[in-house]
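Per-entry structural report
Here are the chains, one letter per residue:
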Amino acid sequence: MKKIVSIAAVALMALGLTTYVIENTANEFDFMKDLSTMLACDGCSSNDDRRDPPYGKA
């Protein structure tokens, strides 16, 4: 009985560790996708929505 419990505990720990690693890997890929999007953004800091100065001030 002790062997079965210890094998089950090790299997459960391995499952939890595998789930943790997979989740962190998925989050890392999302971070890399966001980072590449930020680096590839050409018009992110454009002044297209700039307001004109008030009438008579320019």
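Residues numbered from 1 in each chain as written. Predicted model: local features only at pLDDT ≥ 70, side-chain atom pairs only at ≥ 80, totals over all residues. Heavy atoms only, no water.

Okay, the overall build of the chain next. Each helix and strand in the chain was counted, giving one helix and zero strands. Evaluated residue by residue, the chain yields a buried proportion of 0% over its 58 residues. Carbon and sulfur atoms make up 64% of the accessible area of the chain, which amounts to about 5,900 Å² in all. (Helix = DSSP H or I, 4+ residues; strand = E, 2+ residues; numbered from the N terminus. Buried < 20%, exposed > 50% of the residue type's maximum accessible area, 1.4 Å probe, protein only. Areas by Shrake-Rupley, 256 points an atom, 1.4 Å probe, with all protein chains shown as cover.)

With that settled, the discussion passes to a nonpolar patch on the surface. On the surface, a cluster of nonpolar side chains totalling about 370 Å² of accessible area is made up of Met-1, Ile-4 and Val-5. Topologically, Met-1 is positioned in the segment before helix 1 (2–40). Relative accessible area serves as the criterion here: at 78%, Met-1 is assigned to the exposed category. (Patch = residues over 30% accessible without salt bridge, like charges linked within 9 Å, V, L, I, M, F, W, Y side chains within 5 Å. Salt bridge = Lys/Arg side-chain N within 4 Å of Asp/Glu carboxyl O.)

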